[in-house]
Amino acid sequence: MSGDHNKYHNLQDLLDSDEFEYALGTIADYAISKDLLRARDRMADDYERAVAGMVTNVFVMGDAKKDAKRIKKYIKAYDLILDMYTVNHTFYDFNTDE
């Protein structure tokens with residue numbers, strides 16, 4: 001039988017362990033990545049409306065074309081971050097909207 005069952009003598013030993021820290025980091029990365037993806041998707045919806053000529057007023061009031069240009073920059077930024085922290089991230093395809 002392995003001696004690992006006695007590896008952590010108390011809760012503090014577990015909380016101070018590298019394994020616990022790694023697990024928490026992994027969970028945090030996953031949660032943050034999901035939130036970033038949802039934010040990017042909302043931004044993509046705004047972008048698509050702006051490209052279609054609907055005034056979205058996300059960044060530029062009253063000018064859908066300028067708003068779409070600014071929103072596009074943020075979508076690209078989200079995608080760069082998501083690509084760093086997720087496996088097989090799919091970048092937003094701007095070619096289908098332009």
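Here, the structure is the one placed above.
1. What to know about the nonpolar core
With eleven residues, the main nonpolar core is built from Ala 39, Met 43, Ala 44, Tyr 47, Ala 50, Ala 68, Ile 71, Ile 75, Tyr 78, Tyr 92 and Phe 94. At the level of elements, helix 2 (18–51) and helix 3 (64–85) are the ones that each hand at least two residues to this core. Counting residues per element, this core draws most heavily on helix 2, at five residues. When sequence neighbours within four positions are dropped, the list of residues in contact with Ala 68 reads Tyr 47, Ala 50 and Val 51.

2. Concerning unusual backbone geometry
Despite not being glycine, Asn 57 shows a phi value in the positive range, around 55°. By the element assignment, Asn 57 lies in the loop between helix 2 and helix 3. Located in the positive-phi region is Asn 88, a residue other than glycine, with phi close to 60°.

3. A short note on the layout of surface pockets
If you add up the space inside the largest pocket, you get close to 150 Å³. What lines the largest pocket is simply Tyr 30, Ser 33, Lys 34, Leu 37, Leu 82, Tyr 85, Thr 86, Val 87, His 89 and Thr 90. For the lining of the largest pocket, the elements supplying multiple residues, two or more each, are helix 2 and helix 3. Broken down by class, the residue content of the lining of the largest pocket amounts to five nonpolar, four polar and one charged.

4. Overview of the pattern of salt bridges
Counted under the stated rule, the structure contains four salt bridges. A salt bridge links Asp 35 to Arg 38; its shortest N-O distance comes to 2.4 Å. Taken together, the residues span about one helical turn, with Asp 35 and Arg 38 both in helix 2 at a distance of three residues. The shortest N-O distance in the salt bridge between Arg 40 and Asp 41 comes to 3.0 Å. In this structure Arg 40 comes out as buried when scored by relative accessible area, which is 8%. Within this structure, Arg 40, Asp 41 and Asp 79 form a network of salt bridges that share partners.

5. Re helix 3
In this model helix 3 runs 31 Å from its N-terminal to its C-terminal C-alpha over 22 residues, within 8% of the 32 Å that 1.5 Å per residue would give. If you check which residues of helix 3 are buried, you get Ala 64, Asp 67, Ala 68, Ile 71, Ile 75, Tyr 78, Asp 79 and Leu 82. Taken down its axis, helix 3 places every buried residue within 110° of arc, on the same side. Set apart from the buried face of helix 3 by more than 90 degrees, the exposed residues are Lys 66, Lys 69, Lys 73, Leu 80 and Met 84. N-cap assignment for helix 3: the residue whose side-chain oxygen lies 3.2 Å from the backbone N of Lys 65 is Asp 63.

Criteria and thresholds
Residues numbered from 1 in each chain as written. Predicted model: local features only at pLDDT ≥ 70, side-chain atom pairs only at ≥ 80, totals over all residues. Heavy atoms only, no water. Core = buried A, V, L, I, M, F, W, Y, C linked by side-chain atoms within 4.5 Å. Buried < 20%, exposed > 50% of the residue type's maximum accessible area, 1.4 Å probe, protein only. Helix = DSSP H or I, 4+ residues; strand = E, 2+ residues; numbered from the N terminus. Contact = heavy atoms within 4.5 Å. 1 Å grid on protein atoms, 1.4 Å probe; cavity = no way out; pocket = protein on both sides within 12 Å on 5 of 7 lines; lining within 4 Å. Points joined across faces, edges and corners; volume = space filled by probe spheres on them. Nonpolar A, V, L, I, M, F, W, Y, C, P; charged D, E, K, R; others polar. Salt bridge = Lys/Arg side-chain N within 4 Å of Asp/Glu carboxyl O. Expected span 1.5 Å × (residues − 1). Arc of directions from axis to C-beta. Polar contact = N/O pair within 3.5 Å; in protein donor to acceptor, adjacent residues only side chain to side chain.

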